[in-house]
Structure formats: structure tokens, C-alpha cells
Amino acid sequence: MDVRKKREAEVAAFIAEIDANIDAMAAVRPGATLRPHVKAFKSTALARHVADRGKHRAFCCATLREMEGMADAGLGDDLLLANETLDAARLRALVDRGDARITVAVDSPETVEVAAMAGADVLVDVEAEPKPALGGFVFSSTGTATMPRSGPAASAGEAAGG
């Protein structure tokens, strides 16, 4: 077998394996119930293949660059930035493009502020342990992340349901 035919056979086998993995993921977590991580394939062509074959339109990204690439490729239906960013200007530019739904995972007051300044949605893990050094977070019924109040007035307000 010449080198070219061998390479074509290897590529076909690779694609068949990818398809089997996509099918297995989609069987367990169909469509929007799975958010594949872009760092697993680092290719918008493969991301499109995952989106088309597995009907997955939401993706998790590790960096703003990955988010920009996904939006550039028309794969910005629902992008989650899993790692925090303090680059408000770059995040704002991505949000302002309007071609992607952007959500940012946050774990500190600084990252909440950056995401809010950029106009991105904010994801707060309400199952996470509170971080006393950071003051913890309170997730309100309106879907916004806020810092908890402290002191006697806060205790009285919380006791009264506010």
C-alpha cells in the first residue's frame, strides 16, 4: 500500500472512531444536555462535525481565543468560558459582536465584575463550597450573582426574608 492510501485509510479509521464517540456521547447526553469542551479537539472543523452529528450546539471553551474562533466559525449558539478572565475589553468586544451567546464562569468578585462590565451572562456554581476569603456568592432569583451582605443589618434583612 502506498503512503497516500495508507494515510487515507488512517484518516477514515480516525473519523469512524470520532463518529462512534460522538454517537456514544449523544446517546447518553443528547443535544443541549452536553457541552463538549473545545480543548478536546482544538478545531472548528471538528467542532462543527460534533455539532452536526451529535446535535450539540453548546460548547465549553478554556480561553477567549477559543470563544472567538467558535464565533468566527458560526458556532456561537451557546459558549461557556470555563476559565475566568480579567480582560473586560476583549470580553466586551466578543459580546458586542452579537454573533454568540457568551456565559462566563466566575469564582471571585473580580471576575463577576469583569463579566458584568462586559455584558456577558454569569454562571455561578451554587453547589460549590462558599469561599469565605472572597465573601462567597449569593445567586438571586433574577439570575444575577451578588456578593452577600454582611453585618447586623444583613442578618436582620435575611431573617425577615430580604
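Predicted model, so just to flag it, every value in this text is computed and none were measured.

Some words on the pairing of strand β2 (residues 78-81)
Burial along β2 is two-sided: the face carrying D78 and L80 and the face carrying L79 and L81 are both buried. In terms of strand pairing, strand β1 (residues 58-61) meets β2 through four bridges, oriented parallel. Each residue of the ladder has a partner; that of F59, found in β2, is L79. Regarding the hand of the β-α-β motif, the stretch spanning β1, helix α3 (residues 64-72) and β2 is right-handed. Examined bridge by bridge, β2 and strand β3 (residues 102-105) share three bridges and lie parallel to one another. Residue pairing in the sheet places L81 in a bridge with V104 of β3. Each parallel crossover has a hand, and the one from β2 via helix α4 (residues 88-97) to β3 is right-handed.

Brief notes about the sheet that holds β1
As summarised here, the arrangement of the four strands in space is β1-β2-β3-β4, forming an open sheet in which the pairing is parallel. Two strands bound the open sheet, and with one partner strand each, they are β1 and β4 (121-123). Across the sheet, the mean angle from the axis of one strand to that of its neighbour is 25°, orientation sign disregarded.

With respect to the pairing of β3
Walk down a regular strand and you will see the side chains alternate between the two sheet faces. Across the two faces of β3 the burial is the same, with I102 and V104 and T103 and A105 all buried. As defined by bridge partners, β3 adjoins β4 across three bridges and the pair is classed as parallel. Considered in β4, the bridge of T103 is made with D121. With helix α5 (residues 109-118) bridging β3 and its parallel neighbour β4, the resulting β-α-β unit is right-handed.

A word on a nonpolar patch on the surface
There is a patch of nonpolar side chains on the surface, built from V11, F14 and I15 and spanning about 260 Å² of accessible area. Assignment of secondary structure puts V11 in helix α1 (residues 3-28). With a relative accessible area of 35%, V11 lands in the partly exposed category.

Describing the side chain of E66
Considering the arrangement of structural elements, one finds E66 in helix α3. A polar contact of 2.7 Å, which involves the side chain of E66, links it to the side chain of K42. When neighbours within four sequence positions are excluded, E66 is seen to be in contact with H37, V38, K39, K42 and C61.

Thresholds, definitions, all that
Counting from 1, residues in each chain are numbered in the order their sequence is written. The predicted nature of this model means local features are confined to residues of pLDDT at least 70 and side-chain atom pairs, given and counted, to a pLDDT of 80 or more, with totals for whole chains, interfaces and linings taken over all residues. Excluded from the side-chain calculation are hydrogens and water; included are all heavy atoms of the structure. Think of it in three bands: residues with accessible area under 20% of the maximum for their type are buried, residues over 50% are exposed, and the middle band is partly exposed, with areas taken using a 1.4 Å probe on protein chains only. In DSSP terms, a helix is any run of H or I states spanning at least four residues, a strand is any run of E spanning at least two, and both are numbered starting from the N terminus. When DSSP locates at least two bridges between a pair of strands, those strands are taken to pair. By definition, the crossover connecting two strands over a helix is right-handed if that path, from the first strand to the second, turns clockwise as seen with the strands pointing away from the viewer. Each axis is a line fitted through C-alpha atoms, and for a helix only the stretch in contact is used; angles between axes span 0 to 180 degrees, taken between their N-to-C directions. To count toward a patch, a residue needs a relative accessible area over 30% and no salt bridge; like charges are then connected within 9 Å, while nonpolar side chains (Val, Leu, Ile, Met, Phe, Trp, Tyr) are connected within 5 Å. Only the protein chains shown count as cover for residues, and all accessible areas are computed by the Shrake-Rupley method using a 1.4 Å probe. A carboxyl oxygen of Asp or Glu within 4 Å of a side-chain nitrogen of Lys or Arg is what we treat as a salt bridge. Throughout this description, a polar contact denotes any pair of N or O atoms lying within 3.5 Å of each other; where both atoms belong to protein, one of them has to be capable of donating a hydrogen while the other can accept it, and for residues adjacent in sequence the pair is counted only when both atoms sit in side chains. Contacts: residue pairs with any heavy atoms within 4.5 Å of one another.

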